[in-house]
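# Examination of the molecular architecture
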Amino acid sequence: MALNLRGRSFLKLLDFTPEEIRYLLDLSKELKTLKRTGIPHDRLRGKNIVLLFEKTSTRTRCSFEVAGSDLGLGVTYLDAAGSQMGKKESVADTARVLGRMYDGIEYRGFSQDTVEELAEYAGVPVWNGLTDEFHPTQMIADLLTIEEKLGRLKGVNFVYMGDARNNMGNSLMVACAKMGLNFIACAPKELFPAEELVEECKKIAKVSGASITLTEDVSEGSKNADVIYTDVWVSMGEPDEVWESRLRLLHPYQVNKSVMDNANSEAIFMHCLPAYHDLKTKIGKDVGEKFGLTEIEVTDEVFEGKQSVVFDEAENRMHSIKAIILATIGV
Ligand code: CP
Ligand code: NVA
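Residues numbered from 1 in each chain as written. Chains lettered and ligands numbered in written order. Predicted model: local features only at pLDDT ≥ 70, side-chain atom pairs only at ≥ 80, totals over all residues. Heavy atoms only, no water.

All right, on to the nonpolar core then. Ile146, Phe158, Leu181, Phe183, Val227, Tyr229 and Ile325 are the most contacted members of the largest nonpolar core, which totals 65 residues. Dropping the residues within four chain positions of it, tyrosine 229 is found in contact with Gln138, Asp142, Phe158, Val159, Tyr160, Met161, Met168, Leu172, Met270, His271, Cys272 and Glu313. With 32 residues, the next largest nonpolar core counts Ile184, Leu247, Phe269 and Tyr276 among its residues. (Core = buried A, V, L, I, M, F, W, Y, C linked by side-chain atoms within 4.5 Å. Buried < 20%, exposed > 50% of the residue type's maximum accessible area, 1.4 Å probe, protein only. Contact = heavy atoms within 4.5 Å.)

Structure (structure tokens):
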């Protein structure tokens, strides 16, 4: 039977089979080609989506807006201050109202429970644009980028360095387990992913032929890596006070030249962005000056180096989000 994701919400990758993820990857590639060759694909003309952002965003918001426009959709954007949700109206009531007007709802915020509750009540597909726990739309873009750059997913040695229990660490471990990449979390044990999720991913990995490894050893962890991936050390929603302890814990896990030299010679560097690779941002500058650093989770040399694929990865957010919208709203 042909694969059909129509009507499905996209809340976390754990809810999807490898075949369904493959379908989204192939659709992303198809839509990327249409976009690159200038062939119109406004297949959802007449429909509307709403984007709820309780945290800030550049890539995710713009991807939904551009993808929506390319598909012919009407798009409404609401930031944290722009709706009644959570203040004067419950999540369930908001979901039932928006579900009567829109054909799909994107939500970026704090709790995974909120996006799950929206999906339970909306009656239309809900897409998770990042919660504290998971960032699933980023996963389709990342898998697409790896496949484009390395020509394969199965058997790729994928090393995630940094805060391995944040939304990116969790999501990448699930994505690798599902699609057969060997996932190595290289982090201090205080920042290893939760044991329950690790166990779940190990079971999934058994089926796909992948492995899940947690190590504190940078040299062991990055050896034979095909992908070195990192993310910010302090995520949105965390208090500024955690910077000091996080820097102390994660400084040995900075992605720098020696890490890249230890990886395979063809290895690529990835980051979901935004990144603190210099002091040209307000937070980067404040933190850098306070703690005497010029770069944080990745050095400028690696970020700007020829192994870095971060801007191709960022572009792929748009193509893959378009695929997720098209597949779940359907035509
Ligand atoms: N990677 C990512 O989600 O970026 P934004 O926070 O800019 O959306
Ligand atoms: N872990 C980061 C990801 C940003 C895309 C955060 O939640 O801020």
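Between helix H5 (residues 136–150) and helix H6 (residues 167–179), the shortest axis-to-axis distance is 10 Å and the interhelical angle comes to 50°. With respect to H6, the axis of H5 lies oblique. Crossing of H5 against H6: the hand is right-handed. Of the residues in H6, those touching H5 at Pro136, Gln138, Met139, Asp142 and Leu143 are Met168, Ser171, Leu172, Ala175 and Met179. Classifying every residue of the contact of H5 with H6 by side-chain character gives seven nonpolar, two polar and one charged. (Axes fitted to C-alpha atoms, helices over the stretch in contact; angles between N-to-C directions. Helix = DSSP H or I, 4+ residues; strand = E, 2+ residues; numbered from the N terminus. Parallel < 35°, antiparallel > 145°, perpendicular 65-115°, else oblique. Left-handed = near helix turned anticlockwise from the far one by under 90°. Nonpolar A, V, L, I, M, F, W, Y, C, P; charged D, E, K, R; others polar.)

Our next topic: the site of ligand 2. Close to ligand 2 lie Leu130, His135, Asn166, Asn167, Asp231, Val232, Ser235, Met236, Cys272 and Leu273, which account for all nearby residues. At 2.8 Å, a side-chain N or O of asparagine 167 approaches a nitrogen atom of ligand 2. In this structure, serine 235 approaches ligand 2 through a side-chain N or O atom, which is 2.7 Å from a nitrogen atom. Coverage of ligand 2 by the protein amounts to 94% of the 270 Å² it exposes when considered alone. Taken together, the residues of the shell around ligand 2 sort by class into five nonpolar, four polar and one charged. (Near = heavy atom within 4 Å. Polar contact = N/O pair within 3.5 Å; in protein donor to acceptor, adjacent residues only side chain to side chain. Areas by Shrake-Rupley, 256 points an atom, 1.4 Å probe, with all protein chains shown as cover.)

Turning to the packing of aromatic side chains, a few remarks are in order. Taken as a whole and judged by the stated rule, the model has eight aromatic pairs. Summarising the aromatic geometry, the rings of phenylalanine 303 and phenylalanine 311 are spaced 5.8 Å apart at their centres and angled 90° between planes, so their arrangement reads as edge-to-face. Accessibility expressed as a relative area gives 54% for phenylalanine 311, which makes it exposed. Three or more aromatic residues joined by ring pairs form one cluster here, namely Phe158, Tyr160, Phe183 and Tyr229. Taking NZ or CZ as reference, lysine 55 lies 4.7 Å from the ring centre of phenylalanine 110, over its face. (Phe/Tyr/Trp six-rings, centres within 6.5 Å; stacked < 30°, edge-to-face > 60°. Lys NZ or Arg CZ within 6 Å of the ring centre and 35° of its normal.)

A word on the site of ligand 1. Residues in contact with ligand 1, as listed here, are Ser57, Thr58, Arg59, Thr60, Arg108, His135, Gln138, Cys272, Leu273 and Arg317. In this structure, an oxygen atom belonging to ligand 1 sits 2.9 Å away from a side-chain N or O atom of arginine 108. One nitrogen or oxygen atom from the side chain of histidine 135 is found 2.8 Å from an oxygen atom belonging to ligand 1. Among the residues making up the shell around ligand 1, the classes are represented as two nonpolar, five polar and three charged.

Turning to the side chain of lysine 178, a few remarks are in order. Relative to the helices and strands, lysine 178 resides in helix H6. Buried and unpaired, lysine 178 has no salt bridge, with glutamate 200 as the nearest side chain of opposite charge at 7.3 Å. In contact with lysine 178, other than residues within four places in its own chain, are Leu13, Leu14, Phe16, Pro18, Ile21, Ile204 and Ser208. (Lys, Arg positive; Asp, Glu negative; His and termini not counted. Salt bridge = Lys/Arg side-chain N within 4 Å of Asp/Glu carboxyl O.)

This part covers helix H2 (residues 59–70). With 12 residues, H2 should reach 16 Å at 1.5 Å per residue; the first-to-last C-alpha distance of 16 Å fits that figure. Those residues of H2 that sit buried are Thr60, Ser63, Phe64, Ala67, Gly68 and Asp70. For H2, the buried positions fall inside an angular range of 160° around the axis, keeping them on one side. Positive phi appears at glycine 72, one or two residues downstream of H2, with a value of about 90°. (Expected span 1.5 Å × (residues − 1). Arc of directions from axis to C-beta.)

Per the UniProt record, "domain: Aspartate/ornithine carbamoyltransferase Asp/Orn-binding" (unreviewed entry) is found at residues 154–327. Annotated as 45% helix and 13% strand, the span residues 154–327 places its first and last C-alpha atoms 24 Å apart. (UniProt positions renumbered as here; feature names shortened; annotations may be inferred.)

This structure, assessed with the given rule, holds 24 salt bridges. Taking the shortest distance from any N to any O, the salt bridge between glutamate 147 and arginine 22 comes out at 2.6 Å. Placement of glutamate 147 in helix H5 and of arginine 22 in helix H1 (residues 18–36) is noted, with a sequence separation of 125 residues between them. Lysine 322 serves as the salt-bridge partner of aspartate 70, at 2.9 Å between the closest nitrogen and oxygen. Taken together, the residues span a long stretch of sequence, with aspartate 70 in helix H2 and lysine 322 in helix H13 (residues 310–329) at a distance of 252 residues. For aspartate 70, a relative accessible area of 17% corresponds to the buried category. Because the salt bridges share partners, they merge into one network encompassing Arg22, Asp26, Lys29 and Glu147.

For the rest of this paragraph, the subject is the sheet that holds strand E8 (residues 227–230). Paired through backbone hydrogen bonds, the strands of a sheet run either parallel or antiparallel to each other. Spatially, E7-E6-E5-E8-E9 is the arrangement adopted by the five strands of the open sheet, whose pairing is parallel. Of all the strands in the sheet, just strand E7 (212–215) and strand E9 (268–271) have a single pairing partner and so form its edges. Here the strands of the sheet are splayed against their neighbours by 20° on average, with no regard to which way each runs. As paired elements, strand E5 (residues 157–161) and strand E6 (residues 182–186) share five bridges and run parallel to each other. In the sheet register, valine 159 faces E6, and the bridge partner there is isoleucine 184. Contacts between H6 and the sheet are confined to E5, E6, E7 and E8, with E5 contributing the most and set at about 170° to the helix. (Pairing = 2+ DSSP bridges.)

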